[in-house]
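Residue-level listing of the chains:
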Amino acid sequence: MTSTVPTAVHEEQHAADTSAPPLTMFGPDFPFAYDDFLAHPAGLGSVPATEHGTEVAVIGGGLSGIVAAYELMKTGLKPVVYEADQIGGRLRTAVFEGCEPGLTAEMGAMRFPPSSTAFQHYIELTGLETAPFPNPLAPGTPSTVVDLKGESHYARTLDELPPVFHQVMDAWNTCLEDGAEFSAMQRAVRERDVPRMREIWSRLVEKLDNQTFYGYLCDSPAFASFRHREIFGQVGFGTGGWDTDFPNSILEILRVVYTGADDDHRGIVGGSQQLPLRLWEREPDKLTHWPRGTSLASLHPRRTHRPAVTRLHRTAGNRITVTDADGDIRTYRAAVFTAQSWMLLSKIDCADELLPIDHWTAVERTHYMESSKLFVPVDRPFWLDTDEQTGRDVMSMTLTDRMTRGTYLLDDGPDRPAVICLSYTWCDDSLKWLPLDANERMEVMLKSLGEIYPKVDIRSHITGSPVTVSWENEPYFMGAFKANLPGHYRYQRRLFTHFMQDRLPADKRGLFLAGDDISWTAGWAEGAVQTALNAVWGVLHHLGGGTDPTNPGPGDVYGEIAPVELPED
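Here the structure is a predicted model, which is why all the values come from computation and not from measurement.

How should the overall build of the protein be read in this particular structure?
On a plain count of helices and strands, the protein comes out with 17 helices and 21 strands. Computed over its C-alpha atoms, the radius of gyration of the protein comes to 23 Å, within 12% of the 25 Å expected for a compact globule of 569 residues. Based on the C-alpha atoms only, the size of the protein along its principal axes is roughly 75 × 55 × 45 Å. Each of the 569 residues in the protein was classed as buried or not, and the buried ones make up 62%. In the protein, of all internal contacts separated by at least 6 residues, the share reaching a separation of at least 24 is 74%. Carbon and sulfur atoms make up 49% of the accessible area of the protein, which amounts to about 21600 Å² in all. The average position of the 50 basic charges and that of the 78 acidic charges among the side chains of the protein differ by 4 Å.

Here it is as structure tokens:
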């Protein structure tokens, strides 16, 4: 799940050079090749035979938890998965009651960049199919309408938008180049040039950690025009608005654009939740200790996960004792916590000794982005009809400053039922309609879209009740994902590096934080996978195991690629 991020034209220029290495989410904070680590025939590691069958608690059944559990199972350990709701977390795919089977709504993550190569490993492993996602002005998007201050602009490509949008695009590219060494960093990411990447990023982290996104724009002569900053904030120049991210750290934004994380998005055909569900049922070909045919599901009684965790505390020094909603109490030598970290402050009764005090501080300072979506099923992709007077599509993927903000048109062919994401909003825009139920939200959004498309009767095509989500109101999430504020780099570093526990006191080891919540790229599935793999390495190391010498893990090379460490005095 991500906010929409403008893609710099630098990436378009590189795309024409087929000899250039592909962009991947490799660094810049921790440049470890997770994709190569996963692909290596030696596997991710092992534990001593005496540890085979040892239970490891995995708290949270989202993508990170299921990936961690799946990989721990392959090494001969026995994951015990706890999940408060349903497997998938924010990979949540909803269906429309009473409508044709196959119509789905992606309530959380719905689009993924090809640079998410560790995430792509599991897509391929589970045999899932992907298709281009209809972002504004993307090649597979029939048309886009940008509606600002009551004026609509129709375009099939960026070139068809008025000159002011090109000026905004040029300003963004200029301020990235002048203030963040964009070309040099992206070249280093492509070439996996770790020394060059670390040289640039160390300089930028020290310089920019205290800077907001908006402040960064204002400091650039290229964005001297308030009008340009306003347009950029409301609709970007093709892939979406940025104003809800303006208070966040500019480092959060640079991580995304450097790695092409908002380019060439694809969606999973049939819904993203299939990925964790398939991993839950998958029987790996190569297993240690467990008989062939073992899956995560088969390791759990009745093939279902344990319920919500209600209490976490330490016993016998460094053991992790877990109490669940059924009142069951179990103690583990190792546990992986993948739920959003605020759960440790609210829903779960936690003892202070669970984490070091500096990590508790980092958890408490976590800042979440709110996000809401509203979907309706329709009889067909009527938006592809041609307006006889203008020759244009009667309706388009829409970016606007009205209440809807982003409207996405999703279909599987001209003669089949389809889905409209009437509205996709963030932060203050999301909070504006938090008190409304799904039908009330639909009325607001239909009114807004009716002002943009007065000749289109959207309501006449709706075939079922709307479905909606406000992630800030979800009891086990309280927000869509974390976004660091200025000055939060040190907190982020503590949480991400928690898997490295040799320097922690013995009574603070054994619990490993994971999930996109503690990754450098919160809101991206790649971050969920990467931190899961960090936690797997941590558990194996904690239980006396390790990696094959030919395939060192993230902890084995940590000293060479550790994130920048800023002074705290």
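Is there a simple way to think about the side chain of Gln492 in this case?
Position of Gln492 relative to the elements: it lies in helix 15 (residues 489-496). On the basis of relative accessibility, which here comes to 1%, the residue Gln492 falls in the buried class. From its side chain, Gln492 meets the backbone oxygen of Ser519 in a polar contact 3.2 Å long. The residues contacting Gln492, other than those within four sequence positions of it, are Lys482, Asn484, Ile518, Ser519 and Trp520.

I'm lost on the packing of helix 3 (residues 63-74) against helix 4 (residues 117-125) in this one. Help?
Packed helices, taken two at a time, are described by the angle their axes make and the gap between the axes. Following both chains from N to C, one finds helix 3 and helix 4 inclined at 70 degrees, their axes separated by 13 Å at the closest point. The angle between the axes of helix 3 and helix 4 places the two elements in the roughly perpendicular class. Judged by the sense of rotation from one axis to the other, the crossing of helix 3 with helix 4 is left-handed. Packed against helix 3, whose contacting residues are Leu63, Val67, Tyr70 and Glu71, the element helix 4 presents Phe119, Tyr122 and Leu125 at the interface. Residue composition of the contact of helix 3 with helix 4, grouped by class: 6 nonpolar, no polar and 1 charged.

Looking at this structure, how should I read the packing of aromatic side chains?
Given two aromatic rings, their pairing is described by the distance between the two centres and the angle made by the two planes. By the definition in use, this model includes 29 aromatic pairs. Centroid distance Phe499 to Tyr558: 6.2 Å. Interplanar angle 85 degrees. Geometry classified as edge-to-face. Of this pair, Phe499 sits in the loop between helix 15 and strand 21 (511-513) while Tyr558 sits in helix 17 (residues 558-561); the two residues are 59 residues apart in sequence, bridging distant segments of the chain. One exposure class covers both Phe499 and Tyr558, and it is buried.

Where do I start with the environment of Met395 in this structure?
Inspection of the secondary structure puts Met395 in the loop between strand 15 (371-378) and strand 16 (397-400). Along the sequence, Met395 and Ala20 sit 375 residues apart, while their C-alpha atoms lie 37 Å from each other. Non-local contacts of Met395, meaning those with residues more than four positions away in its chain, are made with Ser143, Phe382, Trp383, Thr407, Leu409, Leu449, Tyr453 and Ile458.

What counts as what
Residues numbered from 1 in each chain as written. Predicted model: local features only at pLDDT ≥ 70, side-chain atom pairs only at ≥ 80, totals over all residues. Heavy atoms only, no water. Helix = DSSP H or I, 4+ residues; strand = E, 2+ residues; numbered from the N terminus. Rg over C-alpha atoms; globule rule 2.2 N^0.38 Å. Buried < 20%, exposed > 50% of the residue type's maximum accessible area, 1.4 Å probe, protein only. Contact = heavy atoms within 4.5 Å. Areas by Shrake-Rupley, 256 points an atom, 1.4 Å probe, with all protein chains shown as cover. Lys, Arg positive; Asp, Glu negative; His and termini not counted. Charge placed at Lys NZ, Arg CZ, Asp CG, Glu CD. Polar contact = N/O pair within 3.5 Å; in protein donor to acceptor, adjacent residues only side chain to side chain. Axes fitted to C-alpha atoms, helices over the stretch in contact; angles between N-to-C directions. Parallel < 35°, antiparallel > 145°, perpendicular 65-115°, else oblique. Left-handed = near helix turned anticlockwise from the far one by under 90°. Nonpolar A, V, L, I, M, F, W, Y, C, P; charged D, E, K, R; others polar. Phe/Tyr/Trp six-rings, centres within 6.5 Å; stacked < 30°, edge-to-face > 60°.

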